[in-house]
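# What the coordinates show
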Amino acid sequence: MMFRSLKRFNYRTWFTGALISNVGAWMQSTALSWTVLTVLTANDATAVGLNMALQFAPQLLLVPVSGLIADKYDRRKVLLVTQSTMGVLALVLGIVVTTGVVELWHVQLFALAFGIVQAFDMPARQAFVSELVGQDDIANAVALNSASFHGARLLGPAVAGVLIALVQPGPVFLINAVTFIAMLVALMRIRTAELVPSPRGAKGLGDIVQGFRYVKKRHDLLVIFVMAFILGTFGLNFPIYISTMTATEFRADADTFGVLSSAMAIGSVTGALLSARSARPRWTVVIGGIGAFAIACTFAAWVPSIWLFGAALAVAGFTAQLFMTNANSMVQLTSAPEVRGRVMALYGAVFMGGTPIGAPIVGWVADAFGPRWGIMVAAFTCLAAFAIGAVYFARVRRDDRMSRTGTLTLPPPTESIDVVK
């Protein structure tokens, strides 16, 4: 059943709060990219890339500590702190932008601070899903989380584009600050007695390295991490792709930028809901998703009209989401509960932590050779990721460790824990 996780009060409460907060997050992301590109610079894609780098670099640098905290402390309490802090940061940025005193370094400082808090929020949030629904429904809950995130993307960028065109970007950040209240209320309403707590496998700083050792022993996870790193580093820089194509290739304005971002979200939601129908993640979908994404990016790079560009974005969102949802579910399902927080922190670090490398490179390519060639960076690199996954899949299938559909035989919990030792 596609929506089975929503039968649980705790997950339903979480889902509602996250959906509202995600709308605000996408509004902020749209306003931030447009502000840097058109208000604070003269269509400088490199500046947009640098801003993205500052936001995502902390996820890579803080991964040892952030994963340890997710495994050692009460994840609900960790999320209360991180969500409150990000709400305050959004409020401060909204005030600075609305009053007209904003400068580029203000936005860059905000991106860095927001990224630091987000580095602690992400592993705790992803690992907390298993406590909301239990082991059996993790894949479904992860898929519905993705549907919520990208469903908000249908509304958030479009609303942000209209608001920017009417009243400038400042109010968008203020609205995002208010939406954090929904997430805080949801976290406080969760029935702690109905949670399915994971064993706490981290006690101190000496346990940081355990997560690295665990992933090093798991070749299947290493392959997923490599593919995710390539996609996150070079493939998912769509704030750069869409903003530069909108402003320089098609000569359109902010509301068109918002609509195009929403078009991509249509595909992402469809991909997430399709993944929610499956009880188990599949390697065929992981590999096929990233290969099809490379093809969609190639099409998006060379279409002659803005409408075809929007259609290509929808396909890119769909195929990328097939990879992301199945990869995320596979990492969570096959990781021992004792180290799940640290493994998810590592996964988040390789997935989004590569943005500080990729975003400035993609921005420079877009500035030097045009935005179409910036998108081709995503196509070429994700084609390489597809090849890596395909080679691994062929080898494992030859050893009969996978079903024909690409579903891995999951190890029992005791075997997962033994790998760490």
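Per chain, the residues get numbers from 1 upward, laid out in the order the sequence is written. It should be noted that, the model being predicted, local features are given only for residues of pLDDT at least 70 and side-chain atom pairs only at 80 or more, the latter also being counted only at that level, while totals for whole chains, interfaces and linings use all residues. Side-chain measures were taken over the full set of non-hydrogen atoms in the model, leaving aside hydrogen atoms and water.

The next point concerns the UniProt feature "transmembrane region" (unreviewed entry) in the protein. Per the UniProt record, the feature "transmembrane region" (unreviewed entry) sits at residues 49-71, 221-242, 257-276, 283-301, 307-324, 345-366 and 372-394. For the purposes of this entry, the term helix denotes a DSSP run of H or I that reaches at least four residues, the term strand denotes a run of E that reaches at least two, and both are numbered from the N terminus. The distance from the first to the last C-alpha atom of residues 49-71 is 32 Å, and the span holds 96% helix and 0% strand. Along residues 307-324 one finds 100% helix and 0% strand; the C-alpha atoms at either end are 26 Å apart. UniProt positions are given in the numbering used here, feature names are shortened, and annotations may be inferred rather than shown by experiment.

The geometry of an aromatic ring pair is captured by the separation of the ring centres together with the interplanar angle, meaning the angle of the planes. Pairing of aromatic side chains requires ring centres within 6.5 Å, counting the rings of Phe and Tyr and the six-membered ring of Trp. Pairs whose planes differ by under 30 degrees are stacked, by over 60 edge-to-face, and all others tilted. By the definition in use, this model includes 12 aromatic pairs. When the ring of Phe225 is compared with that of Tyr347, the centres are 5.6 Å apart and the planes differ by 55°; the resulting orientation is tilted. Placement of Phe225 in helix α9 (residues 219-235) and of Tyr347 in helix α14 (residues 340-352) is noted, with a sequence separation of 122 residues between them. Ring centres 5.2 Å apart and planes at 80° place the aromatic pair Trp302 and Trp373 in the edge-to-face group. With Trp302 in helix α12 (residues 283-302) and Trp373 in helix α16 (residues 371-398), the pair connects residues that are 71 residues apart, well separated along the chain. By relative accessible area, which is 42% here, Trp302 ends up partly exposed. Through successive ring pairs, a cluster of aromatic residues spans Phe225, Tyr347 and Phe351. In this structure, Arg191 is placed above the aromatic ring of Phe9, and the distance from its NZ or CZ to the ring centre is 3.7 Å. Per-residue accessibility, obtained with a 1.4 Å probe over protein chains only, is compared with the maximum for each type, and a residue is labelled buried under 20%, exposed over 50%, and partly exposed between these values. Sitting over a ring, as applied to charges here, requires NZ of Lys or CZ of Arg to be within 6 Å of the ring centre and within 35 degrees of the ring normal.

Locating Ser243 in the fold gives a position in helix α10 (residues 238-249). For Ser243, a relative accessible area of 1% corresponds to the buried category. Any pair of N or O atoms that falls within 3.5 Å is considered a polar contact. Within protein, one atom must be able to donate a hydrogen and the other to accept it, and sequence-neighbouring residues count only if both atoms are side-chain atoms. Among the polar contacts made by the side chain of Ser243, one reaches the main-chain carbonyl oxygen of Ile240 at a distance of 3.3 Å. Residue contacts are counted whenever heavy atoms from the two residues lie within 4.5 Å of one another. Among all residues touching Ser243, those that are not within four sequence positions of it are Leu37, Phe238 and Phe257.

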